[in-house]
Amino acid sequence: MASRRQDIFEQRKQKLERLRALGINPYPNRFERTHSARQAVKLLETMEANAASGEQKAVVRVAGRIMAMRKMGRAAFFDLRDGSGKIQVLFQTHGFSEAQIRLFDDIDIGDVIGVEGSLMRTRTGEPTVAVGSFVLLSKALQPLPEKWHGLTDTDTRYRQRYIDLIANVEVRDIFVLRSRIITAVRQFLNDRGFLEVETPVLQPSAGGALAAPFITHHNALDRDFYLRIALELHLKRLIVGGFDKVYEIGRIFRNEGISTTHSPEFTMLESYEAYADYTDVMRMLEEMVSWVSQTVLGTTRIKYAEHEVDLKPPWQRMTLRDAVKEYSGIDFVKYPTAASLKEKMQSMNIAFDPDQNWAKLVDELLKTFVKPRLIQPTIVYDYPVSMSPLAKSKPNEERVTERFQAYVAGSIELANAYSELNDPIEQRLRFEEQMRERHGDDPEQWTIDEDFLTALEYGMPPTGGLGVGIDRLVMLLTNQQSIREVILFPQLREKEG
């Protein structure tokens, strides 16, 4: 037995064939609009405000998708929606030609039409276009989601985002805000003298972060490349080359887990400023996030889940050691080896992966005990060297680096930043140690970016670097608890069945 959706599809195909038989093109090349829906409503309001005497009329040409239809014999009200909003149109077919009446009879919810008519307001006060003529612009063969319930199934929403955007106006609003947030970030950095640049997505070695890469093969060069896991190493080459302030907003690819805050493909902002350190970057981050919020939302006070958050500077600051000690009860400096730290965690009944090294254990304490407690924006700074292979050590504190991370709302890790390591010899030693931990003593398995080390050997000035997850910033400013809600086309597991 055919499904209801299939029945509707077949009925609409029959309507399509009827229209073509009448010589009507159901998919014409263009339609010349004079106004968007919002502009038409605004024009009507302006006319009404300026009408000193007599009756004024304006003819407009608007177009959009039919979202609702109320037919009453040869008259009908349709709700048309375009990218700007919704406007009602009134059909009174007694003056229509026979061809237009036949077209009217075969119109369905979901079709895209263009209309020409005069602006008016109904007795209920609804801005309306009284249709003089109309044209079908695109015949929809698939029905829209059920009128009163909309589209709520999350799997369908993510897989078929186009339906989600049609059915749920609030989803479109999220992505409009996303665009405005990214524009505001660019404006903030441009106004501070930063230069936006683009760096390669395909890279000969996976560097700049500790993450599993995606690998692809370049046929013309007959060699494997990695999809970048960070923007960092090429941007720092540009600092070596003489640019003082650079940034990139680009796609990053990490072949790892999927969760409400992690996507294998995501958008990252990275900026680098010569002659700055991580304290300069702290101030810039606070100013940027609060300025973007004020610019886009009109306030620095936002709601995220059940929390009220104020993004106005200055933000709270805590060293990593103090934060972990306060919230977990463990002073990790007193347990400098993986074995001793595991023993301490075990004595406190704290679960851990027995294969984790010391740095991973400290990071686990941070994520488990500290991050959920940081509701107001907080900068956690001064990380151990083993957790920060690209960060510069603090003066007179060899085991501690000038690194910070920013947390907010108990669940969002917003930023990661360093005073960048610019000693090429020390950088090589840290890369090699990193490779040994991951791949053992087999250099054939190592993926050290030798050209980056060569660049450092030419001399990189003191530099402050910042990484901000754009998707997480959008989550924060649009009050979304899943990263998939702010990525238009998120990666999903293959659909079963």
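Above this text sits the structure in question.
Residues numbered from 1 in each chain as written. Predicted model: local features only at pLDDT ≥ 70, side-chain atom pairs only at ≥ 80, totals over all residues. Heavy atoms only, no water.

Draft legend 1. Representation of the nonpolar core in the model. Counting residues in each nonpolar core, the largest one holds 45 residues, and the members touching the most others are Leu-189, Leu-269, Leu-285, Met-288, Leu-466 and Leu-476. Broken down by secondary-structure element, the contributors of at least two residues to this core are helix 6 (169–191), strand 10 (245–253), helix 8 (278–297), strand 12 (301–304), strand 17 (397–408), strand 18 (412–419), strand 19 (463–469) and helix 14 (470–478). The element that contributes the greatest number of residues to this core is helix 8, accounting for nine residues. Other than its neighbours up to four places away in sequence, Leu-285 contacts Trp-315, Phe-404, Ala-406, Ala-415, Leu-466 and Val-468. Core analysis: the second largest hydrophobic core is formed by 29 residues, Leu-19, Val-89, Ile-107 and Phe-134 among them. (Core = buried A, V, L, I, M, F, W, Y, C linked by side-chain atoms within 4.5 Å. Buried < 20%, exposed > 50% of the residue type's maximum accessible area, 1.4 Å probe, protein only. Helix = DSSP H or I, 4+ residues; strand = E, 2+ residues; numbered from the N terminus. Contact = heavy atoms within 4.5 Å.)

Draft legend 2. A look at the packing of aromatic side chains. On inspection of all chains with the given rule, the structure shows nine aromatic pairs. With a centroid separation of 6.0 Å and an interplanar angle of 50°, the aromatic rings of Phe-188 and Trp-291 are classed as tilted. Pair noted here: Phe-188 is in helix 6 and Trp-291 is in helix 8, with a separation of 103 residues, a long-range link. We classify Trp-291 as partly exposed; its relative accessible area is 29%. Each residue in the set Phe-78, Phe-91, Phe-96, Phe-104 and Phe-134 is aromatic and connected to the rest through ring pairs, giving one cluster. Positioned over the ring face of Phe-225 is Arg-223, at 4.8 Å from the centre of the ring. (Phe/Tyr/Trp six-rings, centres within 6.5 Å; stacked < 30°, edge-to-face > 60°. Lys NZ or Arg CZ within 6 Å of the ring centre and 35° of its normal.)

Draft legend 3. Looking closely at the sheet that holds strand 4 (residues 112–121). A barrel is described by the order of its strands in space; here five strands give the closed sequence 1-2-3-5-4, paired in mixed fashion. Recorded for the sheet is a direction-independent mean angle of 55° between the axes of neighbouring strands. Relative to strand 2 (residues 75–82), strand 1 (residues 59–72) runs antiparallel, the two being bridged by seven bridges. In the sheet register, Arg-70 faces strand 2, and the bridge partner there is Phe-77. (Pairing = 2+ DSSP bridges. Axes fitted to C-alpha atoms, helices over the stretch in contact; angles between N-to-C directions.)

Draft legend 4. Summary view of the pattern of salt bridges. For the structure on display, the rule yields 33 salt bridges. Between Arg-121 and Glu-48 there is a salt bridge whose closest N-O contact spans 2.8 Å. Highlighted residues: Arg-121 in strand 4 and Glu-48 in helix 2 (residues 37–50), separated in sequence by 73 residues. One salt bridge in this structure joins Lys-236 and Glu-232, with 2.8 Å as the shortest N-O distance. With a gap of four residues between them, Lys-236 and Glu-232 both fall in helix 7 (residues 232–240), about one helical turn apart. (Salt bridge = Lys/Arg side-chain N within 4 Å of Asp/Glu carboxyl O.)

Draft legend 5. Fine view of the packing of helix 9 (residues 320–328) against helix 11 (residues 358–370). In the contact formed by helix 9 and helix 11, the axes pass within 9 Å of each other and the chain directions differ by 55°. By the angle between their directions, the pair helix 9 and helix 11 is classed as oblique. In this structure, the crossing between helix 9 and helix 11 has a hand that is left-handed. On the side of helix 9, the interface is formed by Leu-320, Ala-323, Val-324, Tyr-327 and Ser-328, while helix 11 contributes Val-362, Leu-365, Leu-366, Phe-369 and Val-370. Its residues assigned to classes, the contact of helix 9 with helix 11 comprises nine nonpolar, one polar and no charged. (Parallel < 35°, antiparallel > 145°, perpendicular 65-115°, else oblique. Left-handed = near helix turned anticlockwise from the far one by under 90°. Nonpolar A, V, L, I, M, F, W, Y, C, P; charged D, E, K, R; others polar.)

Draft legend 6. View of the sheet that holds strand 9 (residues 223–227). Spatially, 7-9-8 is the arrangement adopted by the three strands of the open sheet, whose pairing is antiparallel. On the outer flanks of this sheet lie strand 7 (202–203) and strand 8 (215–218), each paired with one strand and no other.

Draft legend 7. Structural detail: the side chain of Lys-15. Relative to the helices and strands, Lys-15 is located in helix 1 (residues 4–21). In contact with Lys-15, other than residues within four places in its own chain, are Asp-106, Asp-108 and Lys-139.

Draft legend 8. Focus on the environment of Arg-172. Its place among the elements puts Arg-172 in helix 6. A relative accessible area of 25% places Arg-172 in the partly exposed class. The spatial distance from the C-alpha of Arg-172 to the C-alpha of Asp-108 is 23 Å, given a sequence separation of 64 residues. Those residues in contact with Arg-172 that sit more than four places away from it in its chain are Arg-81, Asp-82, Gly-83 and Leu-165.

Draft legend 9. Region of the structure containing the packing of helix 6 against helix 8. Orientation of helix 6 relative to helix 8, taken along the N-to-C sense of each, is 135°, at an axis distance of 9 Å. For the element pair helix 6 / helix 8, the angle class is oblique. Here helix 6 runs over helix 8; the crossing is right-handed. Listed contacts from helix 8 to Leu-177, Arg-180, Ile-181, Ala-184, Val-185, Gln-187, Phe-188 and Leu-189 of helix 6 are Met-284, Glu-287, Met-288, Trp-291, Val-292, Thr-295, Val-296 and Leu-297. Here the contact of helix 6 with helix 8 is built from residues that sort into twelve nonpolar, two polar and two charged.

Draft legend 10. Region of interest: helix 11. Helix length check: helix 11, at 13 residues, gives a terminal C-alpha distance of 17 Å against a target of 18 Å (1.5 Å per residue), a fit within 8%. Taken together, the buried positions of helix 11 are occupied by Trp-358, Ala-359, Leu-361, Val-362, Asp-363, Leu-365, Leu-366 and Val-370. Packing partners of the buried residues in helix 11 comprise helix 9, helix 10 (338–347), strand 15 (378–384) and strand 17. (Expected span 1.5 Å × (residues − 1).)

Draft legend 11. Quick look at unusual backbone geometry. Each neighbour pair has its own omega, and for Pro-313 with Pro-314 the value is 0°, a cis peptide bond. Here the phi dihedral of Tyr-275 falls at roughly 70°; this positive angle occurs in a residue that is not glycine. Note on placement: Tyr-275 falls in the loop between strand 11 (265–274) and helix 8. If you check the backbone angles, Asp-382 has positive phi at about 70° while not being a glycine.

Draft legend 12. The pairing of strand 11, seen in detail. With nine of its ten residues buried, strand 11 lies for the most part within the structure. Sheet analysis places strand 10 next to strand 11, joined by nine bridges and oriented antiparallel. Of the residues in strand 11, the one forming a bridge with Arg-251 is Thr-267.

Draft legend 13. Here's a closer look at the pairing of strand 15. Of all seven residues in strand 15, six are buried, a share of seventy percent or more. In terms of strand pairing, strand 14 (residues 316–319) meets strand 15 through four bridges, oriented parallel. Residue Arg-317 lies in a different strand from strand 15, and its bridge partner there is Ile-379. Taken together, the six bridges between strand 15 and strand 17 define a ladder with antiparallel strand orientation. Bridge pairing links Ile-379 to Ala-406 in strand 17.

Bear in mind that shape data such as this cannot, by itself, settle questions of function.
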